[in-house]
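So the chains spell out like this:
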Amino acid sequence: MLILPPTPEHIARAAETLAEGRLVAFPTETVYGLGGDARNEDAVCAIYAAKGRPAHNPLIVHVANGDMARYYGSFNRDAQILAAAFWPGPLTLVIPRRTDAPLTKTLCRLDTIALRVPAHPVAAALLANFGQGIAAPSANRSGRISPTKAAHVGEEFTENHPALAFILDGGACERGIESTVVACLGDGPRILRPGSITADAIGKHLPHLCEAATPDPASPLAPGQLESHYAPRLPVRLNAAAPRPGEAFLAFGPTDAHGPQMRNLSEQGNPEEAAAHLYDMLRILDTPEYSAIAVMPIPTDGIGAAINDRLRRAAALCEE
Ligand code: TXA
Ligand code: MG
């Protein structure tokens, strides 16, 4: 898979490629996205096909700024407050979709739309150049670990994929965990997916915020939340004090364990650093040499809530 540095020429080429209906993978501050023109049905279908993503799981549309977002959705007061506070940044707002939004029919299956204004300079430059919404889920095969480096995207789409033209390389994603998804609909603001922006930070702006409830399988609000997700190939064993023989070990905080089978998310016990390293280290340890990946407990406050959410999903298949 072709990986290109994000020069102005390559960003312009990426915008042209999107306009032709092909896909480009690009960096954001959270994870890499697999982008396609949100007005082009073939491009949107190609995203689903390339990821093997179930049709019921809707996509986020990335836009350049709040003004552009207003062409796609209706902002109530809560949505306006959050957009003003956190855009550009790792916040996705689920709001009522405008019926005249410039979106392909697949993106209009729900009467809501998920919107985000990314802060990463390469994503921002691509959106400014393209001038339209870019539909982009994380650039991984459905259910697998999200990519935080250009090479990870290459690992996900190894053969020359007909729809995916190239990957813009923006280095390692600074946040490393997906955006926080907040619904601002008629029934009050709700966190649908914990992410890079903490519930506390959002709650400072919206004191009436509801924490993510356990999703009801009968009426999934964020359909992607119900699946085993973010999963390495190896089983994941949570809250491990130490590795068992044959296991790889993902540590957090000071530890004496050393060796190729072990990585430390943050020796200082810093949760932001742990979030930035999580997916890269899971990928490194996910080799058939080991029987499982044992993960030390990680505190659940702040961004630790999102880290623990992802680890629970990574381990979900193993609990059955
Ligand atoms: O950080 C991120 O959000 C990354 C980067 C590339 O922007 N994107 C990302 O996209 O994580 P994806 O598709 O992997 O996750 C989007 C989540 C899914 O859980 C999906 O179900 C939910 O957002 N979602 C999208 N549209 C929705 C809607 N209208 N209502 C409820 N949930 C929605
Ligand atoms: Mg994803």
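Per-chain numbering applies: the sequence of each chain, read as written, is numbered from 1 onward. Chains and ligands are labelled by the order in which they are written, letters from A for the one and numbers from 1 for the other. In view of the model being predicted, local features appear only for residues whose pLDDT reaches at least 70, and side-chain atom pairs are presented and counted only at 80 or more, with totals across whole chains, interfaces and linings using the full set of residues. To get the side-chain values, take all heavy atoms of the structure and skip hydrogens and water.

**Some points on helix α4 (residues 77-86)**
At step 1: Turning to α4, its buried residues number three or more, namely Asp 78, Ala 79, Leu 82, Ala 83 and Phe 86. Buried residues of α4, seen end-on, are gathered within an arc of 130 degrees and therefore sit on one face of the element. Exposed positions of α4 whose direction lies more than 90 degrees from the buried face are Arg 77 and Ala 84.
At step 2: At its buried positions, α4 is contacted by β5 (91-96), β9 (180-185), β10 (188-193) and α7 (199-205).
At step 3: Between the side-chain oxygen at the start of α4 and the backbone nitrogen of Asp 78 there is a gap of 3.2 Å, and the oxygen is on Asn 76. Throughout this description, buried means an accessible area under 20% of the type-specific maximum (1.4 Å probe, protein chains only), exposed means over 50%, and partly exposed covers the range between. Starting at the N terminus, helices and strands are each numbered in turn, a helix being any DSSP run of H or I of at least four residues and a strand any DSSP run of E of at least two. In this description, the arc belongs to the directions extending from the helix axis to the C-beta atoms. Whether two residues are in contact is decided by their heavy atoms: any pair within 4.5 Å suffices. Here a polar contact is recorded for every N or O atom pair within 3.5 Å, except that within protein the pair must consist of a potential hydrogen donor and a potential acceptor, and residues adjacent in sequence are included only if both atoms are side-chain atoms.

**Some points on the packing of aromatic side chains**
At step 1: Whether two aromatic rings pair depends on their centres lying within 6.5 Å, for rings of Phe, Tyr and Trp, where Trp uses its six-membered ring; planes under 30 degrees apart make the pair stacked, over 60 edge-to-face, and the rest tilted. Tallied over the full model, the rule gives two aromatic pairs.
At step 2: Judged by centre distance (5.9 Å) and plane angle (80 degrees), the ring pair of Phe 75 and Trp 87 falls under edge-to-face. On the criterion of sequence distance, the pair formed by Phe 75 in the loop between α3 (66-69) and α4 and Trp 87 in the loop between α4 and β5 is long-range, its members being 12 residues apart.
At step 3: Residue classification places Trp 87 among the buried residues on the basis of a relative accessible area of 12%.
At step 4: For the pair Tyr 230 and Tyr 279, a centre-to-centre distance of 6.3 Å together with 5 degrees between the ring planes defines the contact as stacked. One end of the pair, Tyr 230, is in the loop between α7 and β11 (236-237); the other, Tyr 279, is in helix α8 (residues 271-285), with 49 residues separating them in the sequence.

**Considering the environment of Phe 86**
At step 1: Assignment of secondary structure puts Phe 86 in helix α4.
At step 2: Relative accessible area serves as the criterion here: at 14%, Phe 86 is assigned to the buried category.
At step 3: Apart from the residues within four sequence positions on either side, Phe 86 is in contact with Leu 91, Ile 197, Ala 201, Ile 202 and His 205.

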